[in-house]
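Examining the three-dimensional arrangement
Here is how the chains run, residue by residue.
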Amino acid sequence: MSYLERMLEERLAKAAADGELSAPRLEGKPIADLHWERPEGWWAKRFFERELSHDRRAAALEGAAAARAAFWRCPDEDTVRAAVTDANAAIDRANVNIVDGAPVDHFDTDDIVDRWRRLRR
């Protein structure tokens, strides 16, 4: 151990003893499925699935934004309700393929219809 390393260790120990330095116990959450034998390439496959999931979520958000824009062009309330139902069904199909991430939220049909009515006034 060099002089600088020894000096640094001594100062850290003194600071911890004087209460100036808090050194919490290094406890973490257990690694999930640690007892399972993993096949070769499991990490790369999982990484690929997560990245693909991010792309799918981004595409679902874009689709939801396009659907939201189309709601306001609907000619009547029944068409708005049908468009919201179709958009929510598309979101359900997209959410099935989203791994380790926040699913895309559904549209609230009543809220969309209320907003559509206010815009028509």
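Attention in this report is confined to the structure presented alongside it. If you're wondering where the values come from, they're calculated on a predicted model, not measured in any experiment.

Calculation rules
Residues numbered from 1 in each chain as written. Predicted model: local features only at pLDDT ≥ 70, side-chain atom pairs only at ≥ 80, totals over all residues. Heavy atoms only, no water. 1 Å grid on protein atoms, 1.4 Å probe; cavity = no way out; pocket = protein on both sides within 12 Å on 5 of 7 lines; lining within 4 Å. Points joined across faces, edges and corners; volume = space filled by probe spheres on them. Nonpolar A, V, L, I, M, F, W, Y, C, P; charged D, E, K, R; others polar. Salt bridge = Lys/Arg side-chain N within 4 Å of Asp/Glu carboxyl O. Buried < 20%, exposed > 50% of the residue type's maximum accessible area, 1.4 Å probe, protein only. Helix = DSSP H or I, 4+ residues; strand = E, 2+ residues; numbered from the N terminus. Contact = heavy atoms within 4.5 Å.

Now for the layout of surface pockets. Looking at the largest pocket, its volume works out to about 270 Å³. Residue lining of the largest pocket: Ile31, Ala32, Asp33, Trp36, Glu37, Arg38, Pro39, Trp42, Lys45, Arg46 and Glu49, and that is the complete set. Tallied by class, the residues present in the lining of the largest pocket amount to 5 nonpolar, no polar and 6 charged.

Attention now goes to the pattern of salt bridges. Under the defined criterion, the tally for this structure stands at 6 salt bridges. A salt bridge links Lys14 to Asp18; the nearest nitrogen and oxygen atoms lie 2.8 Å apart. By relative accessible area, which is 54% here, Lys14 ends up exposed. Of the residues examined, Asp18 reaches a relative accessible area of 44% and is grouped as partly exposed. Between Arg117 and Asp114 there is a salt bridge; the shortest N-O distance is 3.3 Å. Of this pair, Arg117 and Asp114 both sit in helix α4 (residues 109-120), 3 residues apart, roughly one helical turn. Using a relative accessible area of 34% as the deciding quantity, one classes Asp114 as partly exposed. One salt-bridge network, held together by shared partners, links Glu77, Arg81, Asp110, Asp114 and Arg117.

A word on the environment of Arg81. Its place among the elements puts Arg81 in helix α3 (residues 77-96). The exposure class of Arg81 is partly exposed, given its relative accessible area of 29%. Sequence-wise, Arg81 and Val113 are 32 residues apart; in three dimensions their C-alpha atoms are separated by 7.1 Å. The residues touching Arg81, leaving out its near neighbours within four places in the chain, are Thr109, Asp110, Val113 and Arg117.

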